[in-house]
Each structure stands twice: as structure tokens, then as C-alpha cells.
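Residue-level structure breakdown
So you can see what is in the structure, the chains are spelled out below.
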Amino acid sequence: MDTQQVYNDNAGKWLRLEPSSLSDFTARPLVFEACGDVEGRSVLDIGCGEGYCARELKRRGAGDCLGIDLSEQMIQAARLQEEQDHFGIEFQACNIVEFKPARRFDLCIAVFLFNYLRVEEMRQVFAMVYQALEPGGEFVFSVPHPFFPFVRKQQTAPFYFSAEGKNYFADVNEQFEGEIWKRGGEPLHVQCVHKTFSDYFEGLRSAGFSTLPQVQELTVTPELAATDEAFFGPLLNEPLHVLFKISK
Ligand SMILES: C[S@@+](CC[C@H](N)C(=O)[O-])C[C@H]1O[C@@H](n2cnc3c(N)ncnc32)[C@H](O)[C@@H]1O
């Protein structure tokens, strides 16, 4: 299924002003934490969707902020929200693989973008990010955990990718279809172009990053499960997402 169409067709479902989808609880808060003190720092949000993360970083005091997304409908939703918020976030519709930044940034985030790109496209984007960052700038991104579709086979709420008959090593660049649920019960269609851990590490190195990334494997913790057993409980201790943070 075509990614641009998936997001153009579902932009209305994605627009949210407070945490609602599973990963708004299991991943995005940790992404924001990993960004640290963003006061006055310029931010490039790639695969920004309808602007949820850019808005949160602005609330935390971020400076100049540019969001890029493939889907015109997601960008339109982001701009409509910006008309109400006046955060001063700039949004641009563009395929990130073709994006050429005209300025440099202190921080780049990519929240569940790379699961839509093939390995070679991701490497091109890593290289672009390296060029776009100021010296000492930081790159924070989250992706589905590469093991998740192989470890969790049930195709049920609140999150799954279908990897039936697929192999961890042989099926790199294969696209797995999946769904992630909103807490209210509505599923969102998501996709995962499969990559191994090596693909992320080698991609960062070949882009020019020469330090070790900080890596956090994210799951549903017992504390989170205790807040809503019915919703979070089925994924307790499953390897859901991975967060990478690296400096230029
Ligand atoms: C799961 S959504 C996440 C959106 C946002 N980062 C968030 O956390 O709410 C993934 C986004 O990546 C965008 N995307 C996928 N492929 C892209 C590409 N080649 N260039 C730019 N954006 C892309 C989709 O349009 C979608 O909005």
C-alpha cells in the first residue's frame, strides 16, 4: 500500500492534541525526554505528520522549528492547527529523501519515519541530517523494535505488524503492514519496512556520525500497565520500539 495515500486518507484520524495512540504513551514521552532542554534550540522534525511532536517541543521552549512530511493532508492538518496555536512552526510537504535543508539545526527528530523508508533511503536521510546539524547538534529518532514483529505473532490490539512467513535477516526492506490503536479503541494503519539493528548502526556510521548512539529499547512497563491494564496489558514487556540519540 502507498504510504502517501495511507497518510493522506487518514490525516483526520492522526490529528491529536493530547496523547491518544499507544506510542504517545510508550515512545513519544521518551523521545521528548531524550531531547533534553530544548530552550531556544532550532528543531528539524522529519516525518512530522500533523505536528504533534513539533508542537510539544515548542511548548517546551524550542526555537525555530521546521516540520517536513510526505503527506500534503498531514501538512494541511498541521498548518490548520498552527493557525490556532501560533507557535511559529513552519511546515513543508516534501519527500524527505529529496529534501535539501537551506539552514542548520541544533536538533533533528524523526518519530516513526524510518519504518517507511528502505535501508538505502534511510542512509540518504541520515547523511542529510548529518549535514543539516550544527556541530554538536543532536539527532533523536524512534523506530519500531526490529524484533517486535517476530516476537509478537498475535495480530491484535493495541499494536501489531504482520510478519507471517518473514525472516529477520532475509526480509530486510520487506514492508510489513500493521495497526496501532488509539486508547479510545480506533486503530491506525501503520507500515514497517523491516530493518535490522545493524542497518541503523551502519547507516549512522556511513553518514558521518562517529560517536556511539544512546539506544533505549522501549516497552510497556508494569507501571504503565497498571494505569490501564485492558489497553496496555497485552504488550507488557514486549520489545515495542527503539529510541536512538546521537550527537554530531
Ligand atoms: C507514524 S507517522 C508519525 C508522524 C509524527 N512523527 C508523529 O510522531 O506523530 C509517520 C509519518 O511519516 C511520514 N512519511 C513517510 N514517508 C515519508 C517520506 N518519504 N518523507 C517524508 N515523510 C514521510 C508519513 O506521511 C507520516 O506522517
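This text gives an overview of the structure that appears in the document. Sequence order sets the numbering: in each chain, residues are counted from 1 along the sequence as written. A pLDDT threshold of at least 70 governs which residues receive local features in this predicted model, and a stricter bar of 80 or more applies before side-chain atom pairs are shown or counted, although totals over entire chains, interfaces and linings include all residues. By convention in this description, side-chain values take in all heavy atoms of the structure and omit both hydrogens and water.

**Points about the pattern of salt bridges**
In plain terms, the rule: Between Lys or Arg on one side and Asp or Glu on the other, a salt bridge is scored when a side-chain nitrogen of the former is within 4 Å of a carboxyl oxygen of the latter. Exposure is judged per residue with a 1.4 Å probe applied to protein chains only, and the accessible area is read against the type maximum: over 50% gives exposed, under 20% gives buried, and values in between give partly exposed.
Applying the stated criterion across every chain yields a total of 14 salt bridges. The partner of E50 in a salt bridge is R55, with the nearest N and O atoms 2.7 Å apart. Here E50 matches R55 in class, with each residue buried.

**Notes on the site of the ligand**
Defined as follows: We call a residue near a molecule or strand when any one of its heavy atoms sits within 4 Å of it. Pairing of N or O atoms within 3.5 Å defines a polar contact, subject to two protein rules: one partner must be a possible hydrogen donor and the other a possible acceptor, and residues neighboring in sequence count only if both atoms are side-chain atoms. Strands are runs of DSSP state E lasting at least 2 residues, helices are runs of H or I lasting at least 4, and numbering of each runs from the N terminus. Residue type decides the class: Asp, Glu, Lys and Arg count as charged, Ala, Val, Leu, Ile, Met, Phe, Trp, Tyr, Cys and Pro as nonpolar, and the leftover types, Gly among them, as polar.
In the vicinity of the ligand, 21 residues are found, and the nearest of them are R28, G47, D69, N95 and I96. Note that a nitrogen atom of the ligand is positioned 2.6 Å from one of the backbone N or O atoms of G47. With respect to the ligand, the backbone of I96 contributes an N or O atom lying 2.9 Å from a nitrogen atom. Of all the elements, helix 1 (residues 3–14) adds the most residues to the shell around the ligand, at 3 residues. Looking at side-chain class alone, the shell around the ligand contains 13 nonpolar, 5 polar and 3 charged residues.

**Some thoughts on the pairing of strand 7 (residues 175–181)**
Two faces make up the sheet, and in a regular strand the side chains alternate between them. Filter applied, for reference: Two strands are said to pair when DSSP picks up at least two bridges between them.
As defined by bridge partners, strand 6 (residues 159–161) adjoins strand 7 across 3 bridges and the pair is classed as antiparallel. Of the residues in strand 7, the one forming a bridge with F159 is I180. In this structure, strand 7 lies alongside strand 8 (residues 187–193), joined through 7 bridges in antiparallel fashion. Each residue of the ladder has a partner; that of F176, found in strand 8, is C192. Remark: 5 residues form the turn of the hairpin made by strand 7 and strand 8, two consecutive strands paired antiparallel; G185 in that turn has positive phi of roughly 110°.

**Some points on the sheet that holds strand 4 (residues 105–111)**
Under the convention used in this document: Interaxial angles span 0 to 180 degrees and are taken between N-to-C directions of axes, which are lines fitted to C-alpha atoms, for helices over the stretch in contact.
Strand order across the open sheet formed by 7 strands is 3-2-1-4-5-10-9, with mixed pairing between neighbours. With one partner strand each, in any of the chains shown, strand 3 (89–93) and strand 9 (214–218) form the two edges of the open sheet. Across the sheet, the mean angle from the axis of one strand to that of its neighbour is 15°, orientation sign disregarded. Pairing between strand 4 and strand 5 (residues 133–144): 6 bridges, direction parallel.

**As for the environment of L243**
Secondary-structure assignment places L243 in strand 10 (residues 241–247). Owing to a relative accessible area of 2%, L243 belongs among the buried residues under this scheme.

**Observations regarding the side chain of H194**
Stated precisely, the cut-off is as follows: A contact between two residues is defined here by any heavy atoms of the two lying within 4.5 Å.
In this structure, H194 sits in the loop between strand 8 and helix 8 (197–207). Within the local environment of H194, its side chain forms a polar contact with the backbone oxygen of Y168, the two atoms lying 2.8 Å apart. Setting aside residues up to four positions removed in sequence, H194 forms contacts with P146, F150, N167, Y168, D171, V172, N173, E174 and F176.

**A short note on the pairing of strand 3**
Note the cut-off: Look down the strands so they point away from you; if the path from the first strand over the helix to the second goes clockwise, the crossover is right-handed.
Note: strand 2 (residues 65–69) against strand 3, 5 bridges, orientation parallel. Bridge pairing links I68 to Q92 in strand 3. Taken together, strand 2, helix 5 (residues 72–85) and strand 3 constitute a β-α-β crossover, and its handedness is right-handed.

Everything listed here is a matter of coordinates, which is why it stays silent on function.
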